[in-house]
Amino acid sequence: MSRPTARDRLADLGCFLFAATFSVATSDVVVAGRDLSEATVFHEQLVGGLACAALFLRRRWAVQLALVLLVAGKLSHFVTGPTLVALFTVAAHRSPRTTRWVAAAAAVPLVVFVVQRPDPDLPATTSGIVYFALVAAAFGWGLYVRSRRRLVEELRDRAVRAEAEAQRAAREDIAREMHDVLAHRLSLLSVHAGALEYHPDAPPAEVRRAAGVIRDSAHQALEDLREIIGVLRSPVPADGAERPQPTLADLPRLAAESRGTGTPVTLDQAVAEPAALPAPTGRTAYRIVQEGLTNARKHAPEQPVTVTVSGGPGEGLAVEVRNPLPAADRDRPIPGAGHGLVGLAERVRLADGRLEHGSTGAEFRLRAWLPWSGPRRPAEPDPTP
């Protein structure tokens, strides 16, 4: 059992004061109409005082204390206040099954009271009815406190889970954006560096051209990384402008970059009303083509790549990237574990689209379909771990 906090001690003191105040406030009613000696009244008050003091044990022995006070209530009417506090504690802090058993024990005197069929005009009858009403109120208030505490705990757990889910989604978004932005640049750099390694006797003009591409790719990769870090540090720029995002209009530039590395790229765009294409859809299409070209450079260097983008309003946007499979693996292929395709599949799913990829005979194909107007509903988190 954990040590009580300052708040717990304050609550215990409040319960003690309530029970003592209740006993003092009802003392005149208790002794009214009863011929009691001073010694009897003193003994009953003593029992009531001990019962109030025993409430400081209610957290550890709530059930035992409640049962003892129910029995002690037959000896002294000054025990009523402490009994109500003990019954409240059981209902608020013990299991429903335990609460039902204690409630049954508290209801036994009520059964006896009803069987005796007391005269309703007698003061004792009124006192008995009030007592059982207070007992029911103590149980009801305790059950309310217990249900409210459980509701607060459940809401707190939901908030914690929602925060963890939001953090996970944010990490995935960051990882996906980092991969999409940097993998393309670094693959260009790796291809040209590999060419210099395998052809050390290349003409000086080709060496200078490759070195220039390596320098430009590294510089652009650093610029992209600086932009991403800047966005993470300051999501809202001071001027209110967001970082420009690639769209469908940037595909020719992307294809030209790949051609500069020695990869023949054929770009076929047949999009009706491209200006009407929503920016998020165009950005997703750009990332699909970017990932396809990056994978082609990794696993099928210098093989021709065909990029086809078609569609229009009402029919969606279709994107396909095809490249021949290499006859044999290179001795030193660029590392890759498929994380790009995994992130790309998640990006397409968030856009309510479809993604297919795999080899078809001698070709590797990456196909995707995207709705023209973007996702139809807010994306739900994937429950798959």
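That block above? That's the structure.
What you see is a predicted model; the values in this text were computed from it and never measured. Every chain begins its residue count from 1, and numbering advances along the sequence as written. The predicted origin of the model limits local features to residues at a pLDDT of at least 70 and limits the giving and counting of side-chain atom pairs to 80 or more, whereas totals for whole chains, interfaces and linings rest on all residues. Each side-chain value is derived from all of the structure's non-hydrogen atoms; neither hydrogens nor water enter the calculation.

Visitor: Explain the overall build of the chain to me, and be specific about the residues and the numbers.
Guide: What the chain contains, in helices and strands, is 11 helices and five strands. For every residue, the accessible area obtained with a 1.4 Å probe (protein chains only) is divided by the maximum for its type, and the residue is called buried under 20%, exposed over 50%, and partly exposed between those limits. Within the chain, the fraction of its 385 residues that count as buried is 33%. When checking whether two residues touch, look at their non-hydrogen atoms; a contact exists if any pair is within 4.5 Å. Long-range pairs, those at least 24 residues apart, make up 73% of the contacts in the chain with a sequence separation of at least 6. Note that accessible areas follow from Shrake-Rupley with a 1.4 Å probe, and for residues the cover is restricted to the protein chains shown. For the chain, the exposed area adds up to about 23,200 Å²; of that, 61% sits on carbon and sulfur atoms. Under the scheme used here, helices are H or I runs from DSSP no shorter than 4 residues and strands are E runs no shorter than 2 residues, and both carry numbers assigned from the N terminus.

Visitor: I'd love a proper account of the packing of aromatic side chains, names of residues and values included.
Guide: A pair of aromatic rings is counted whenever rings of Phe, Tyr or Trp (Trp by its six-membered ring) have centres within 6.5 Å, and the orientation is called stacked for planes under 30 degrees apart, edge-to-face for over 60 and tilted otherwise. As enumerated under the stated definition, the model contains three aromatic pairs in all. Both rings, one in F16 and one in F56, keep their centres 5.4 Å apart while their planes meet at 35°; by these two values the pair is tilted. A residue pair is termed long-range when its members are at least 10 positions apart, and F16 in helix α1 (residues 6-25) and F56 in the loop between α3 (38-54) and α4 (62-72) qualify at 40 residues. For F16, a relative accessible area of 23% translates into the label partly exposed. Exposure remark for F56: the relative accessible area of 41% places this residue in the partly exposed category. Seen from their ring centres, F18 and F22 are 6.2 Å apart, and the 35° between their planes marks the pair as tilted. Here F22 and F18 lie together in helix α1, a separation of four residues that amounts to about one turn. Only lysine NZ and arginine CZ atoms are considered, and such an atom sits over a ring when it is within 6 Å of the ring centre and within 35 degrees of the ring normal. Lying across the ring of W61, R60 places its NZ or CZ 5.6 Å from the centre.

Visitor: Mind laying out the environment of P82, listing which residues take part and the relevant values?
Guide: Assignment of secondary structure puts P82 in helix α5 (residues 80-93). Sequence-wise, P82 and L70 are 12 residues apart; in three dimensions their C-alpha atoms are separated by 9.6 Å. Discounting residues that sit within four places of it in the chain, P82 has contacts with A19, S23, G48, A51, C52, L55 and L69.

Visitor: A description of unusual backbone geometry should follow, citing residues and the corresponding values.
Guide: Non-glycine residue E273 carries a positive phi angle of around 55°. Inspection of the secondary structure puts E273 in the loop between β1 (265-271) and α10 (279-299). One non-glycine residue with positive phi stands out, namely D352, at about 65°. Among the structural elements, D352 can be located in the loop between α11 (339-350) and β4 (354-360). In this structure D352 comes out as buried when scored by relative accessible area, which is 13%.

Visitor: Tell me about a nonpolar patch on the surface, and name the residues and values.
Guide: Only residues whose relative accessible area exceeds 30% and that form no salt bridge are eligible for patches; like-charged ones are grouped when within 9 Å, while nonpolar side chains (Val, Leu, Ile, Met, Phe, Trp, Tyr) are grouped when within 5 Å. In what follows, salt bridge is the name for a side-chain nitrogen of Lys or Arg lying within 4 Å of a carboxyl oxygen of Asp or Glu. Residues L10, L13, L17 and F56 make up a contiguous nonpolar surface patch of about 390 Å² in total accessible area. Position of L17 relative to the elements: it lies in helix α1. Residue L17 is classed as partly exposed on the basis of its relative accessible area of 46%.

Visitor: Break down the side chain of N323 for me, citing the residues and quoting the values.
Guide: If you trace the backbone, N323 turns up in strand β3 (residues 316-324). Sequence-distant contacts of N323, that is, excluding residues within four places in its chain, are made with A296, A300, P304, V305, A362, E363 and F364.

Visitor: Lay out the pairing of strand β2 (residues 305-312) in plain terms, naming residues and giving numbers.
Guide: Here, strands pair whenever DSSP counts at least two bridges between them. Pairing of β1 with β2 involves seven bridges; the strand directions are parallel. Across the sheet, the residue bridging to V265 is V305, located in β2. If you view a crossover with the strands going away from you and the path from the first strand over the helix to the second runs clockwise, you call it right-handed. Crossover connection from β1 via α10 to parallel β2: handedness left-handed. A loop of three residues connects β2 with β3, the two strands running antiparallel in sequence, and G314 in this loop sits at a positive phi of about 90°.

Visitor: Can you tell me about the sheet that holds β1, naming the residues and giving the values?
Guide: Taken together, five strands build an open sheet; the order of strands is β1-β2-β3-β5-β4 and the sheet is mixed. The open sheet terminates on both sides in strands that have one partner only, identified here as β1 and β4. Across this sheet, the average inter-strand angle for adjacent strands is 10°, counted without regard to direction. Note on geometry: axes are lines fitted to C-alpha atoms, helical ones only across the stretch in contact, with angles between N-to-C directions running from 0 to 180 degrees. In this fold helix α9 (residues 251-260) packs onto β1 and β2, with an angle of close to 170° to the strand it touches most, β1. On the sheet, α10 packs against β1, β2, β3 and β5 (363-370) and is oriented at approximately 5° with respect to β3.

Visitor: Could you give me a rundown of the pattern of salt bridges, with the residues and numbers involved?
Guide: Per the counting criterion, the structure on display carries nine salt bridges. The salt bridge partner of R322 is E363, with a shortest N-O separation of 3.8 Å. Taken together, the residues R322 in strand β3 and E363 in strand β5 connect sequence positions 41 residues apart. Salt bridges sharing common partners tie together E320, R322, E363, R365 and R367.

Visitor: Any details on α3? Residues and values, ideally.
Guide: Multiply 1.5 Å by the residue count of a helix minus one, and that product is the helix's expected span. For α3, with 17 residues, the first-to-last C-alpha span of 24 Å sits near the 24 Å given by 1.5 Å per residue. Every buried residue belonging to α3 is among V41, E44, G48, A51, C52 and A54, and all of these are buried. One face of α3 carries all of its buried residues, which in axial projection span an arc of 160°. Structural note: α3 exposes E38 and L50 on the side pointing more than 90 degrees away from its buried face. It is the directions from the helix axis to the C-beta atoms that the arc portrays.

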